[in-house]
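One-letter residues, chain by chain:
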Amino acid sequence: MDTFEAIKTRRAVKHYDPNHQMTGDEIEQLMSLVKLSPTAFNIQNFRFVSVQDQSLRESIRAVSWDQAQVTDASLLLILCADLKAWEKEPARYWDNAPEEVRDFMVPAIDQYYRDKEQVQRDEAMRSCGIAAQTIMLAAKAMGYDTCPMDGFDFDAVAKLINLPDDHVIAMFVAVGKATKAAWERPGQLPIDEILLKDHF
Ligand SMILES: Cc1cc2nc3c(=O)[nH]c(=O)nc-3n(C[C@H](O)[C@H](O)[C@H](O)COP(=O)(O)O)c2cc1C
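Residues numbered from 1 in each chain as written. Predicted model: local features only at pLDDT ≥ 70, side-chain atom pairs only at ≥ 80, totals over all residues. Heavy atoms only, no water.

### Overview of the packing of aromatic side chains
Inference 1: Applying the stated criterion to the full structure yields 7 aromatic pairs.
Inference 2: Ring plane angle 0° and centroid distance 3.8 Å describe the contact between Phe 152 and Phe 172, whose orientation is recorded as stacked. Residue Phe 152 is found in the loop between strand E4 (145-149) and helix H7 (154-160), and its partner Phe 172 is found in strand E5 (residues 167-176); the two are separated by 20 residues along the sequence.
Inference 3: Exposure remark for Phe 152: the relative accessible area of 6% places this residue in the buried category.
Inference 4: Judged by relative accessible area, Phe 172 falls into the buried class, the value being 0%.
Inference 5: Among the aromatic residues, those joined into a cluster by ring pairs are Phe 41, Trp 86, Tyr 112 and Tyr 113.
Inference 6: Taking NZ or CZ as reference, Lys 177 lies 4.4 Å from the ring centre of Tyr 144, over its face. (Phe/Tyr/Trp six-rings, centres within 6.5 Å; stacked < 30°, edge-to-face > 60°. Helix = DSSP H or I, 4+ residues; strand = E, 2+ residues; numbered from the N terminus. Buried < 20%, exposed > 50% of the residue type's maximum accessible area, 1.4 Å probe, protein only. Lys NZ or Arg CZ within 6 Å of the ring centre and 35° of its normal.)

Given below as structure tokens:
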């Protein structure tokens, strides 16, 4: 599937075959593509919790507006981010870079994030948002449908997955075999409303 096709055919699908299982190879393929998603300074702050325990899925569904995707999708990924990834051995993010690049980047990372809670949180959401789109397009190309989700109680889910204090949850992405197509696109804004020339 080419990129344009994947973008045009990706839809937020809400009904999945609960009996379908993704193979380990498919999950590996998907995650090996997802980890190529860009992050600022290559800090790779995203963390993905794949919820496999069905009773945990039920508990999560109970705090997610009873949305069926949570229990029925083949894969339920909770996109989290480590707010402190920038200070956890940052040199490893530039392991393969030339020494002069690493020597420039590592202190720059510290300068960019230290004591800037809002920047750390914004970066978490940026990284997870981009990763979510990679998941959705890669899954589409692999023959799967997806649903991005933030309709859930973030604090309750954090407790259920033992989210560390220095991590945040950005969203879920459910991946599976659709049993019902998405409804018609609800309405797209005209390009001239979303694309501005030079300034507002
Ligand atoms: C951040 C985010 C959160 C969303 N949360 C939910 C959700 O909790 N449940 C749901 O069914 N759809 C959810 N959606 C799907 C949107 O409703 C859907 O993407 C939008 O209506 C456009 O439809 P389309 O993705 O099929 O083009 C979410 C989408 C995004 C990007």
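Still more to cover.
### Describing helix H3 (residues 54-62)
Inference 1: Turning to H3, its buried residues number three or more, namely Arg 57, Ile 60 and Arg 61. Projected down its long axis, H3 carries its buried residues within an arc of 100°, all on one side.
Inference 2: Among the structural elements, helix H4 (69-72), strand E3 (75-82), H7 and E5 are those in contact with the buried residues of H3.
Inference 3: Where H3 begins, the capping side chain belongs to Asp 53, and its oxygen is found 2.8 Å from the backbone nitrogen of Ser 55. (Arc of directions from axis to C-beta. Contact = heavy atoms within 4.5 Å. Polar contact = N/O pair within 3.5 Å; in protein donor to acceptor, adjacent residues only side chain to side chain.)

### A word on the state of the cysteines
Inference 1: Under the criterion given, the structure shown has 0 disulfides.
Inference 2: With no disulfide partner, Cys 128 has as its closest neighbouring cysteine sulfur the one in Cys 80, 7.1 Å distant.
Inference 3: Of the residues examined, Cys 128 reaches a relative accessible area of 0% and is grouped as buried.
Inference 4: We note that Cys 147 lacks a disulfide partner, and the nearest cysteine sulfur, in Cys 128, lies 17 Å from it.
Inference 5: Of the residues examined, Cys 147 reaches a relative accessible area of 3% and is grouped as buried. (Disulfide = S-S within 2.5 Å.)

### Quick notes on the pattern of salt bridges
Any two side chains of opposite charge can pair, on the condition that their charged atoms come close.
Inference 1: Applying the stated criterion across every chain, the model contains 8 salt bridges.
Inference 2: Linking Lys 140 and Asp 145 is a salt bridge whose minimum nitrogen-to-oxygen distance equals 2.8 Å.
Inference 3: Judged by its relative accessible area of 14%, Lys 140 is buried. (Salt bridge = Lys/Arg side-chain N within 4 Å of Asp/Glu carboxyl O.)

### Here's the deal with the packing of helix H2 (residues 24-34) against helix H6 (residues 117-141)
Inference 1: Contact pair H2 / H6: the axes reach a minimum separation of 9 Å and the direction vectors enclose 140°. One finds that H2 runs oblique with respect to H6. Of the two elements, H2 crosses H6, and the hand of that crossing is right-handed. The residues of H6 that touch H2, namely those facing Leu 30, Leu 33 and Val 34, are Ala 131, Thr 134, Ile 135, Ala 138 and Ala 139.
Inference 2: Of the residues in the contact of H2 with H6, the class split is 7 nonpolar, 1 polar and no charged. (Axes fitted to C-alpha atoms, helices over the stretch in contact; angles between N-to-C directions. Parallel < 35°, antiparallel > 145°, perpendicular 65-115°, else oblique. Left-handed = near helix turned anticlockwise from the far one by under 90°. Nonpolar A, V, L, I, M, F, W, Y, C, P; charged D, E, K, R; others polar.)

### Concerning a nonpolar patch on the surface
Inference 1: Together, Leu 189, Ile 191, Ile 194 and Leu 195 line one region of the surface with nonpolar side chains, adding up to about 460 Å² of accessible area.
Inference 2: Inspection of the secondary structure assignment puts Ile 194 in helix H8 (residues 191-194).
Inference 3: Its relative accessible area of 57% is what places Ile 194 among the exposed residues. (Patch = residues over 30% accessible without salt bridge, like charges linked within 9 Å, V, L, I, M, F, W, Y side chains within 5 Å. Areas by Shrake-Rupley, 256 points an atom, 1.4 Å probe, with all protein chains shown as cover.)

### Comments concerning the site of the ligand
Inference 1: Around the ligand, the neighbouring residues are Arg 10, Arg 11, Ala 12, Lys 14, Gln 67, Gln 69, Cys 147, Pro 148, Met 149, Asp 150, Gly 151 and Arg 185.
Inference 2: In the model, a nitrogen atom of the ligand is placed 2.7 Å from a nitrogen or oxygen of the Gln 67 side chain.
Inference 3: Gly 151 places a polar main-chain atom, nitrogen or oxygen, 3.0 Å from an oxygen atom of the ligand.
Inference 4: Across the complex, the protein chains shield 67% of the 620 Å² of accessible surface that the ligand would expose by itself.
Inference 5: In the shell around the ligand, the residues fall into 4 nonpolar, 3 polar and 5 charged. (Near = heavy atom within 4 Å.)

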